[in-house]
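Structural overview
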Amino acid sequence: MSDALVKFTGVARSYSDWPAVEGIDFEVRSGEFVVLSGPSGAGKTTILRLVWMGDLPTAGRVEVCGCSSDRLRPGDVAGTRRRIGIVFQDFRLLPDRTVFDNVALPLIVSGSSPAQVRKRVFSLLAEMELSHRRASFPHELSGGEQQRVAVARALVAHPEIVLADEPTGNLDPESSRLVVDLLLGIVRGGTAVMMATHDPRQVPPESARFLFLERGRLVNPAEWPEAR
Amino acid sequence: MSDALVKFTGVARSYSDWPAVEGIDFEVRSGEFVVLSGPSGAGKTTILRLVWMGDLPTAGRVEVCGCSSDRLRPGDVAGTRRRIGIVFQDFRLLPDRTVFDNVALPLIVSGSSPAQVRKRVFSLLAEMELSHRRASFPHELSGGEQQRVAVARALVAHPEIVLADEPTGNLDPESSRLVVDLLLGIVRGGTAVMMATHDPRQVPPESARFLFLERGRLVNPAEWPEAR
Amino acid sequence: MNELRALLRETLLNLRGRNSSILATLLMVSLSFVVFDTFLVITWNIREILRSEQENVGIEMFLTDSLDERSARALADVVSGMDGVRSVYFVSSAEAEALFRAEMPERSDLLDLLGDGYGLPASLQVSLQPGWESEERISTLAGTLSRLEGVGDVVWGEDYLPGLNRVVGALQKLDIFAGAVLVLSISLMVANTMRLSVSRRSLTVEILGICGASDWFLRAPFLLEGILTGFTGSAGGLLLTAVASALMQAGVGHDFLPGRWVSGVLLLGAVTGFIGSWIGLRSAIPRPRRQERKT
Amino acid sequence: MNELRALLRETLLNLRGRNSSILATLLMVSLSFVVFDTFLVITWNIREILRSEQENVGIEMFLTDSLDERSARALADVVSGMDGVRSVYFVSSAEAEALFRAEMPERSDLLDLLGDGYGLPASLQVSLQPGWESEERISTLAGTLSRLEGVGDVVWGEDYLPGLNRVVGALQKLDIFAGAVLVLSISLMVANTMRLSVSRRSLTVEILGICGASDWFLRAPFLLEGILTGFTGSAGGLLLTAVASALMQAGVGHDFLPGRWVSGVLLLGAVTGFIGSWIGLRSAIPRPRRQERKT
Ligand SMILES: Nc1ncnc2c1ncn2[C@@H]1O[C@H](COP(=O)(O)OP(=O)(O)OP(=O)(O)O)[C@@H](O)[C@H]1O
Ligand SMILES: Nc1ncnc2c1ncn2[C@@H]1O[C@H](COP(=O)(O)OP(=O)(O)OP(=O)(O)O)[C@@H](O)[C@H]1O
Ligand SMILES: [Mg+2]
Ligand SMILES: [Mg+2]
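Overview of the structure.

Examining the site of ligand 1
Not every one of the 21 residues close to ligand 1 is listed here, only the nearest: Gly41, Lys44, Thr45 and Thr46 of chain A together with Gly144 of chain B. Two or more chains meet at ligand 1, and those chains are chains A and B. At a separation of 3.3 Å, an oxygen atom of ligand 1 approaches a polar backbone atom of Ala42 of chain A. Within the backbone of Gly43 of chain A, one N or O atom sits 2.8 Å away from an oxygen atom of ligand 1. Protein contacts shield 95% of the accessible area of ligand 1, which totals 640 Å² for the unbound molecule.

In structure tokens:
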């Protein structure tokens, strides 16, 4: 097995015989910032879902943190997800828990002590400029605030890989920069980041590797009409 | 009563004594394109929610289509909403209905015949490039496809006002242009549009009126740092 | 017209794809009603038994030997004209002996010991009009009868009637109490089942409201579903109970419920279903408020 | 340690803010159990009555006048040594007369007519060992007894015992049937109530899974809640039934359930709650699949 954190080998995922993605091969290593870009419906979310094992490939093999989609044992999925932080396009916050509790979920699930949880969550909320909202419920937040909570939840457990699906879709330019800077910071700390976005210009080209998707296939950046 | 479709007079909306918006005065007339802009948490969604009567002001008066927040009679809210089309930041599609059924909702609710419904929905889905997805369920769609379904649902019943909250937040630049062009088209047809966005550059400045929000107050565009 | 069709379509759409949860709800309601129906069947049969038991309550007037059959029959006519008396039946000495042998065969040697010379006394069997079973009224009547010419002992079950009346009274109280508990719990069960299944679909209600659906359009499909569920559930319960009742018939002879009661149970089903969805909708339909929402 | 604390916290968080729906669920489960418990109380009391009734089944051996008391008592000793005989009680002629007067006061004039010369026959009252109530065994025994020296008629309730046995058999069958129906419906009700309330929170399960919660962490809070709900509900039902039973006591004397049955009911509650949440979770816990999900 290679030392890649994520490795796709000839991966395809079809829905009712219609392939959402097809023939995907790539690797992600620690400390890499991979930007997945492409038009709406190209398959960005599908690829991220395959990484966090929300889905299994219909062909090929997905390996994540040493765990392969070919032979999953019970507990593998949960174990892998603890090493991944995920920001969803639709946030997926628990509507009946406060911001604090939502952000603390990954820590609680992996058995951290209450003191550890408090310390880590408070410092991260401060960093995300969400401290004053820590006792609010998701429906009391603006779209952008919800998105920042989702980002905080993804980062809280010091994951080895962070998956972010349009993490800036609901943010004004200033907040977007805040989130991208945060992701760049954790990449420098050795964490791998895969970010799906329809606007690759948000990420400085020198600090990331860009993958372009079109109709479920990876395309050469040169063929990508809007590529810089 | 003026001939404005929407009229805010000294409107404020507080949550636990903390004002989400305050001192809001503005009008929207038929055929106007109003762009609400401002940083995350500024109050854009709150203002739109006041327009569709998802909320009532804690001070001041909101008048929409001749119905005032001061004296609501039973049925007023439903009646007003039938004259409004809404795109939500989080889509709010019915998870257990197909794309076709979701788009048809406003027509069905107001008692259109099945033939009318079919004709209108098919033509709109074609326009939005969603025809091939009409039998899918929302969870089978990509984020951008869901957003386009939400836009189609807002437009289907020929509303007098369309409210759109970040209608391009999950779209690639090309699809975004498609949606904005669609909104511009219906504005030319005499419909009023209020669109909340953190990126006012998406709308050509000559075809819209811009309102800038900061911390719940309307500010002079000159004071708005990112204003063009 | 379009609205009505749309409403029916909504109702169907609400039901579609939830087969297992609809079946679960129906099963639940049906089983609740099986319990209720079983209770009704038992109540109905006990009532019938008690009614016939009370009809048997009567007074036995033993006649002295001095009275011949003719005067005995004349006396019967007098007694049958009295207040509270439904009918009077004359039992001659010979008939009394036959009856005794039939009723208590193991004691019939007693009569043999007596020999032919001694007969059992003749008697008048007095049955009473409904409502005259109370201890007080019977004992007054018995007193009057015992003072008549030619009448010996007057016996009226003073040793078992008070007990029977107490049992009947207690059973009636128990019945009313148990019935009330059951109606209440059935209603609550149906209501809660509907409430849970409405609240699962609060998103649908919210989104329809956003699309401009009137209050009526929001409520009707759920109320209709509630009524249908309650009605179908109670019908299912009746069916199950009827089958069980038929199977039991061989072991314990009994009657099934009369038609009027059956209709009542069906109505109860529909009404509790309606109430249940109404209560469920109360919490599911959002309204704009001036205060923030508590979730 | 942290995990356990986290689990308990999850369970509490699941319960928090849902007071009304928790109360509704508990009420539902309690009321289901009230019905079940009432059935058990009735069953228990009918059983007790039937048991004492069957214990009364016995054989009455009338003795001929030729047998004096001494030989009668010797005969009693012989009989009491026989298979299936529990005890033998000698009733002298005088005692028989006193018993007759006490049992049938309205017929006591018969004895007066007989005069002092004729006495009722003496008898041996034979009571049987448990299990000897069957018609076949009794009639065999009665035949043997009637062939003994100095024995006249042998009477063993041949006219009512078959009836009693048939009623006992039918009641037992009814009881088992009704009990099975009730256990089934209680289980289904509790299971469905839990299922509905788990499926309302499938979002929580999904999101916890995404955050890396183990299967065990996902299930445990719901299973714990199910067990607690079932247990509390059955305890509440027992309490309500006990109160109703105490109130009824004056009208219809009866016993409440014995301790063993009470523990059984509590266990049944916990088990059905557990099964219910288990079934509910089955549909609520998402797994990655190679085929698309059907919603
Ligand atoms: N469960 C599913 N069933 C059927 N089709 C699906 C399913 N999930 C995704 N698809 C289809 O696969 C394609 C890729 O979807 P995906 O969500 O990966 O796109 P995306 O690149 O994330 O787009 P966007 O930028 O709009 O979010 C889409 O056409 C979508 O409709
Ligand atoms: N129900 C509520 N309870 C408490 N606070 C609320 C509620 N709804 C909104 N707020 C607060 O009001 C402020 C304005 O929210 P709003 O959703 O209008 O912002 P927005 O301009 O739409 O931001 P975004 O671009 O991030 O969507 C936010 O700080 C938000 O937290
Ligand atoms: Mg996507
Ligand atoms: Mg907003």
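Observations concerning the coordination of the magnesium ion (ligand 4)
All names here are of chain B. Distances from the magnesium ion (ligand 4) to its protein donors, namely Thr45 (OG1) and Gln89 (OE1), fall within the range 1.9 to 2.4 Å. Here the residue Thr45 occupies a position in helix α1 (residues 44-51), and Gln89 occupies one in the loop between β6 (84-87) and α3 (99-109), the gap between them amounting to 44 residues. In this structure Thr45 comes out as partly exposed when scored by relative accessible area, which is 25%.

Topic: the sheet that holds strand β7 (residues 161-165) of chain A
Residue and element names in this part refer to chain A. Spatial ordering of the open sheet is given by β6-β7-β8-β3-β9-β10, a layout of six strands whose pairing is mixed. Strand pairing shows two members of the sheet lacking a second neighbour, β6 (84-87) and β10 (217-219), which therefore form its edges. Across the sheet, the mean angle separating the axes of adjacent strands is 20° when strand polarity is ignored. Examined bridge by bridge, strand β3 (residues 33-37) and strand β8 (residues 192-197) share five bridges and lie parallel to one another. From the neighbouring strand, Phe33 faces β8, where its bridge partner is Val193. Along the sheet, helix α1 (residues 44-51) makes contact with β3, β6, β7, β8 and β9 (209-214), crossing β8 at roughly 150°. In this fold helix α6 (residues 173-188) packs onto β3, β7 and β8, with an angle of close to 155° to the strand it touches most, β8.

Some remarks on unusual backbone geometry
One non-glycine residue, Phe91 of chain A, lies in positive phi territory at about 65°. In this fold, Phe91 of chain A is placed in the loop between β6 and α3 (99-109). When its relative accessible area of 8% is taken as the criterion, Phe91 of chain A is described as buried. Even without glycine at this site, Met53 of chain B takes up a positive phi of about 60°. Here Met53 of chain B is to be found in the loop between α1 and β4 (59-64).

What to know about the environment of Val91 of chain D
Residues and elements named next belong to chain D. By the secondary structure assignment, Val91 is in strand β2 (residues 85-91). Along the sequence, Val91 and Pro121 sit 30 residues apart, while their C-alpha atoms lie 8.9 Å from each other. In this view, Val91 contacts Ala96, Leu99, Ala122, Ser123 and Gln125; residues no more than four positions away in its chain are not counted.

Thresholds, definitions, all that
- Residues numbered from 1 in each chain as written.
- Chains lettered and ligands numbered in written order.
- Predicted model: local features only at pLDDT ≥ 70, side-chain atom pairs only at ≥ 80, totals over all residues.
- Heavy atoms only, no water.
- Near = heavy atom within 4 Å.
- Polar contact = N/O pair within 3.5 Å; in protein donor to acceptor, adjacent residues only side chain to side chain.
- Areas by Shrake-Rupley, 256 points an atom, 1.4 Å probe, with all protein chains shown as cover.
- Donors = N, O, S within 2.8 Å, 3.2 Å for Na, K, Ca; no water.
- Helix = DSSP H or I, 4+ residues; strand = E, 2+ residues; numbered from the N terminus.
- Buried < 20%, exposed > 50% of the residue type's maximum accessible area, 1.4 Å probe, protein only.
- Pairing = 2+ DSSP bridges.
- Axes fitted to C-alpha atoms, helices over the stretch in contact; angles between N-to-C directions.
- Contact = heavy atoms within 4.5 Å.

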